[in-house]
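Structural description and commentary
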Amino acid sequence: MVRSSKENRKEEILEAGLEVFAKRGYHNTTTAHVAEKAGISQPYVFRFFKTKEKLFIAALDRAFERILLAFKNVHSSPEQLVDKMIEAYEELSELHPNEMALQVIGISVTEEAIRNATKKGLSNIQNYTLERFKDAGIENVESEVTTFLARGILCNISYFLDFPELIAKSK
């Protein structure tokens, strides 16, 4: 099925929002910035997203959806699951780097709706990872999931700050 031009335009605005929010942050971005990036008028942005906050949440949701999809597409033996999921996340980071920045920004914004969207996205990833690790028979599963998520967040911070030295290279 071919998307209508209206659906395509909404996607273009969402992708432009992802990029602009990732580069400028939440508070330094206006819908005018997003409109300029998408090559449309600012009022047209409001046709699809009633507020800047709703646009940011949609972009943040997209980032978390892509992460979950990357993890769901990992097919490996139980012994290699963690390594393969890390590889999938690293690949996603290269293909969609704005998602990494958006997560850091989402964590730092104090508006309740954005905090709730960030909590929901992280919770979905945590729950999926927990079930996936349990199904693979990983021991100390809660601790392993916490470590896995913590490393992911540390990778996001490292990317966001352009500080690769923050991540220790494994031998």
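The structure presented is a predicted model; accordingly, all values stated were derived computationally and were not measured.

Turning our attention to the pattern of salt bridges. Opposite charge on two side chains permits pairing when their charged atoms draw close. By the definition in use, this model includes eight salt bridges. A salt bridge links R62 to E11; the shortest N-O distance between them is 2.9 Å. Within this pair, whereas R62 is found in helix 4 (residues 52–72), its partner E11 is found in helix 1 (residues 5–24), the two being separated by 51 residues in sequence. Its relative accessible area of 14% is what places R62 among the buried residues. Taking the shortest distance from any N to any O, the salt bridge between R66 and E99 comes out at 2.2 Å. A residue pair is termed long-range when its members are at least 10 positions apart, and R66 in helix 4 and E99 in helix 6 (residues 97–108) qualify at 33 residues. Using a relative accessible area of 18% as the deciding quantity, one classes R66 as buried. Its relative accessible area of 2% is what places E99 among the buried residues. Taken together, the salt bridges that share partners define one network made up of E11, E15, R62, R66 and E99.

A word on a nonpolar patch on the surface. On the surface, a nonpolar cluster with roughly 510 Å² of combined accessible area is contributed by L154, Y159, F160, L161, F163 and L166. Tracing the sequence through the fold places F160 in helix 8 (residues 141–161). Given a relative accessible area of 37%, F160 falls into the partly exposed group.

Core analysis: the largest hydrophobic core is formed by 47 residues, its most contacted members being I13, L55, F56, F71 and F133. Put simply, the parts of the chain that give this core at least two residues each are helix 1, helix 2 (31–38), helix 3 (42–48), helix 4, helix 5 (81–95), helix 6, helix 7 (112–135) and helix 8. For this core, the element with the highest residue contribution is helix 4, accounting for 11 residues. Every residue in contact with F56, bar those within four places of it in the chain, is listed here: F21, Y26, L102, I105, G106 and I114.

Take the packing of aromatic side chains next. We describe a pair of aromatic rings using the distance from one ring centre to the other and the angle between the two ring planes. Counted according to the given criterion, the structure contains seven aromatic pairs. Where Y44 meets F48, the ring centres are 5.3 Å apart and the plane angle is 85 degrees; that geometry is what we call edge-to-face. One end of the pair is Y44 and the other is F48, both in helix 3 and four residues apart, which spans about a single turn. Ring geometry for F71 versus Y89: centroids 6.1 Å apart, planes at 35 degrees, classification tilted. Of this pair, F71 sits in helix 4 while Y89 sits in helix 5; the two residues are 18 residues apart in sequence, bridging distant segments of the chain. Classification of F71 by relative accessible area gives buried; the value is 2%.

Thresholds applied
- Residues numbered from 1 in each chain as written.
- Predicted model: local features only at pLDDT ≥ 70, side-chain atom pairs only at ≥ 80, totals over all residues.
- Heavy atoms only, no water.
- Salt bridge = Lys/Arg side-chain N within 4 Å of Asp/Glu carboxyl O.
- Helix = DSSP H or I, 4+ residues; strand = E, 2+ residues; numbered from the N terminus.
- Buried < 20%, exposed > 50% of the residue type's maximum accessible area, 1.4 Å probe, protein only.
- Patch = residues over 30% accessible without salt bridge, like charges linked within 9 Å, V, L, I, M, F, W, Y side chains within 5 Å.
- Areas by Shrake-Rupley, 256 points an atom, 1.4 Å probe, with all protein chains shown as cover.
- Core = buried A, V, L, I, M, F, W, Y, C linked by side-chain atoms within 4.5 Å.
- Contact = heavy atoms within 4.5 Å.
- Phe/Tyr/Trp six-rings, centres within 6.5 Å; stacked < 30°, edge-to-face > 60°.

Just distances and angles here, no functional claims.
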